[in-house]
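In case you want the letters, here they are:
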Amino acid sequence: MKHYQLLILTTLFLLTNCKKQPEIGLITEKAMVVSARKEASKIGSDILTKGGNAFDAMAATELALAVAYPYAGNIGGGGFMIYRMNNGEIGALDYREKAPMNATKDMYLDSLGNVIPGKSTLGAMAVGVPGTVAGVFEAHKKFGTLPIEEIIQPVIDLAKQGVIVTKKQQKRLEKHTPNFRKANKNTILLDNNWKEGDTIRYSALAETLSRIQKNGRDEFYKGETAKKLAQFLQDNGGIITEEDLANYQAKWRTPVVFTYDDLKVISMAPPSSGGVCLAQIMNGIEPYKIEQYKHNSTEYIQVVTEAERRAYADRSHFLGDPDFVEIPQAKLISKEYSKERMKDFSFEKPTSSDDVSHGKVEFIESDETTHYSIVDQFGNAVSVTTTINGAYGSKLYAPELGFFLNNEMDDFSSKPGEPNMFGLVGAEANKIEPGKRMLSSMTPTIVEKEGKLFMVVGTPGGSTIITSVLQTILNVHEYNMGMQEAVNQPRFHHQWLPDVIRMEPNSFDESVKQRLKNLGYTIDETNSPVIGKVDAILVLPNGKLEGGADHRGDDTAAGF
């Protein structure tokens, strides 16, 4: 009996005194792909196993997400890629959608100058000229090693065999089916009361991919697919023409590069606001040595929030397509500028967003994106964020071609000063102009430490993308977390307007929240069940890779 009592006491002691061990993500020796669906991660990893490099795997993963994850994966949208070669060479590819040539500044306003609800988000008028296929082929042309036909084949096979519906996918379909019916004249493939465990076969998409496999990039932009797509959009009231498709080009950009402590951060340049905003926020918090504050403490949240507030105010004013707008990028990402912006921050009370406009410079995005990170066996890394903007984009589905079209036109300022679907307020720099790329929050990022690859990170999340990437980097760097542990942490977000701290519900210490409220901050937990779905890779001290696949989605790491 005494032994039994001793056993119970020992067990109780261990249960009450053992700190819960953090989750460790998949660890591999050489290569890894982390994406929103296991099917896409496996196809990308299989390409690496065959001897392909990160850019071959990028093409495979991107196209596989179009099949396995139609919620955000796409060939009807666009994206951004950051890369780092094993010799340290870096670069960025912009395959963001563009406004059609018949687009006008006031195309979403009524006769009184008011924004027409839904016109920039639902149906054919919301669609920008897609860039994904151009991006895949451009990256592959420059860096790929395997034949593109070999890369596309497993994606075609997946579309024909079908993809099993997950519990989370079932919920998403149930939520968005009413808008499928609003946007489409006929019942579409995904409007079929699909349940968890069902298999959806994407036959029309398989045929489209087969034509692209045979005829290359021009199939989508000048071939049979282009003709069918332009006709379909015009039949549904859109303005994209065959000429718009034929004129589309992906564009190589110079990444935004800055330092934080001993890290070198490489992120996306405009027309993504991601890199510039990330630089501004990290520059703003760097002098505060935030490792002295407990993780997600009141002081930590204050410093990060106030830096975010100022960066997002600048985002609204200065940023747009650099081919159309002069952007004072060097000034915005300078440490001196951020130091000046933070001068009026006090731990005693919040700065009101009414009092924060854009900074003085010499001259005057969705939860439904998706991200994947890749490190290959040769040491090359790519970080890619791609989107159709809203959930299932414009909800307009081309049945003969088998894919959804984006609603990316909503990322322009329909009317300066009016918020878009993510609550982001735009200005003249991001007004609609023919052939212009719309501003984005996508923030694919690669981090170096001591001259070596350290992290590959990114996320969906509309306006919360930048802040989710930020917190993941800080979790690893400032708080010594592993990658899966860093990804698992609860997240918060501030974007200047509206003037609230969004928090994932039931995730933050009640006393911390109360102190923030007492200081004068407004907290919103109602609108933020998920802030970001980070997919990231950490290079461990021993050279192995740890994946961080976000449990907020069906995200999965694969590798060898």
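Per chain, the residues get numbers from 1 upward, laid out in the order the sequence is written. Totals for whole chains, interfaces and linings use every residue, but because this is a predicted model, local features are given only for residues with pLDDT of at least 70 and side-chain atom pairs only at 80 or more, for both listing and counting. Note that the side-chain values use all heavy atoms of the structure and ignore hydrogens as well as water.

You'll find the protein entered in an unreviewed UniProt entry as Glutathione hydrolase proenzyme, with Tenacibaculum platacis given as the organism. Database annotation for the protein, UniProt heading Pathway (unreviewed entry): "Sulfur metabolism; glutathione metabolism." UniProt positions are given in the numbering used here, feature names are shortened, and annotations may be inferred rather than shown by experiment. Taken directly from UniProt, the Subunit (unreviewed entry) text for the protein runs: "This enzyme consists of two polypeptide chains, which are synthesized in precursor form from a single polypeptide."

Describe the overall build of the protein, with residues and values.
Only DSSP runs of H or I reaching four residues or more are called helices, and only runs of E reaching two or more are called strands; each is numbered from the N terminus. Across its full length, the protein holds 17 helices and 21 strands. With C-alpha atoms as the basis for the radius of gyration, the globule rule is written as 2.2 Å multiplied by the number of residues raised to the power 0.38. For 560 residues, the compact-globule estimate of 2.2 N^0.38 gives 24 Å, and the C-alpha radius of gyration of the protein, at 23 Å, lies within 12% of that figure. C-alpha atoms of the protein, sized along the principal axes, occupy 75 × 60 × 50 Å. Across the 560 residues that make up the protein, the buried fraction comes to 63%. Only the protein chains shown count as cover for residues, and all accessible areas are computed by the Shrake-Rupley method using a 1.4 Å probe. Carbon and sulfur atoms form 52% of the exposed surface of the protein, whose accessible area is close to 21500 Å². Lys and Arg are tallied as positive, Asp and Glu as negative. Neither His nor the chain termini are counted. Taken as the charge centre is NZ of Lys, CZ of Arg, CG of Asp or CD of Glu, depending on the residue. Between the mean site of the 62 positive side-chain charges and the mean site of the 71 negative ones, the protein shows a separation of 2 Å. Any residue under 20% of the maximum accessible area for its type is buried, any over 50% is exposed, and the rest in between are partly exposed; the area is computed with a 1.4 Å probe on protein chains only.

Please give an account of the packing of helix α12 (residues 298-318) against helix α15 (residues 465-477) that cites residues and values.
Lines fitted to C-alpha atoms define the axes, with helix axes restricted to the stretch in contact, and inter-axis angles between N-to-C directions lie between 0 and 180 degrees. The interhelical angle for the contact between α12 and α15, taken along N-to-C directions, is 140°, at an axis separation of 12 Å. Between α12 and α15 lies a crossing whose hand is right-handed. Facing α12, whose interface residues are Y300, V304, E308 and Y312, α15 presents I466, T467, L470, Q471, L474 and N475. The residue classification treats Ala, Val, Leu, Ile, Met, Phe, Trp, Tyr, Cys and Pro as nonpolar and Asp, Glu, Lys and Arg as charged. All others, Gly included, are polar. Split by residue class, the contact of α12 with α15 holds six nonpolar, three polar and one charged. Handedness of a helix crossing follows the sense of rotation of the near helix relative to the far helix, less than a right angle counterclockwise being left-handed and clockwise being right-handed. Residue contacts are counted whenever heavy atoms from the two residues lie within 4.5 Å of one another.

Could you give me a rundown of the packing of aromatic side chains, with the residues and numbers involved?
Geometry of an aromatic ring pair is reported as the spacing of the ring centres plus the angle between the planes. Centre distance within 6.5 Å is the pairing criterion for rings of Phe, Tyr and Trp, where only the six-membered ring of Trp is used; planes under 30 degrees apart are then read as stacked, over 60 as edge-to-face, and the remainder as tilted. With the rule as written, the count across this model stands at 21 aromatic pairs. An angle of 15° between the planes, with centres 5.8 Å apart, marks the rings of Y221 and Y248 as stacked. Linking Y221 in helix α8 (residues 217-221) with Y248 in the loop between α10 (242-247) and β7 (251-253), this pair joins segments that are 27 residues apart in sequence. For the pair Y221 and Y248, a shared accessibility class is recorded, and that class is buried. For the ring pair F492 and F508, a centre distance of 6.1 Å and an interplane angle of 80° mean the geometry is edge-to-face.

Mind laying out the environment of N215, listing which residues take part and the relevant values?
In this structure, N215 sits in helix α7 (residues 203-215). Along the chain, N215 and E149 lie 66 residues apart, while their C-alpha atoms are 9.8 Å from each other.

Provide a residue-level description of unusual backbone geometry, including the pertinent values.
Following P270, the chain continues into P271 via a peptide bond in cis, with omega recorded as 20°. Locating P271 in the fold gives a position in the loop between β9 (263-267) and α11 (274-285). Looking along the chain, the bond that leaves L497 and enters P498 is cis, with omega of -5°. Structurally, P498 is set in the loop between β16 (492-493) and β17 (501-503). For Y392, which is not glycine, the phi dihedral falls at a positive 55°. Of note, Y392 is situated in the loop between β11 (381-387) and β12 (397-398).

Lay out the side chain of E448 in plain terms, naming residues and giving numbers.
Looking at the secondary structure, you find E448 in strand β14 (residues 445-449). Classification of E448 as buried rests on a relative accessible area of 7%. In protein, a polar contact means a hydrogen-donor-capable atom and an acceptor-capable atom, both N or O and within 3.5 Å, with residues adjacent in sequence counting only if both atoms are side-chain atoms; elsewhere, any N or O pair within 3.5 Å suffices. Side chain to side chain, E448 and R84 meet in a polar contact 2.7 Å long. Once residues lying within four places of it in the same chain are set aside, the contact partners of E448 are R84, G88, D262, L263, K264, I266 and F454.

Can you lay out the sheet that holds strand β15 (residues 452-457) for me, pointing to particular residues and giving the numbers?
Strand order in the open sheet formed by seven strands is β1-β20-β19-β15-β14-β9-β8, with antiparallel pairing between adjacent strands. Edge strands, defined here as strands with exactly one partner in the open sheet, are β1 (27-28) and β8 (256-260). Two strands qualify as a pair provided DSSP detects at least 2 bridges between them. As defined by bridge partners, β1 adjoins strand β20 (residues 545-549) across two bridges and the pair is classed as antiparallel. Following the sheet pairing, I27 is matched in β20 by E546. Here α15 sits on the sheet and contacts β8, β9, β14, β15 and β19 (535-539); the angle it forms with β15, its principal contact strand, is near 135°.

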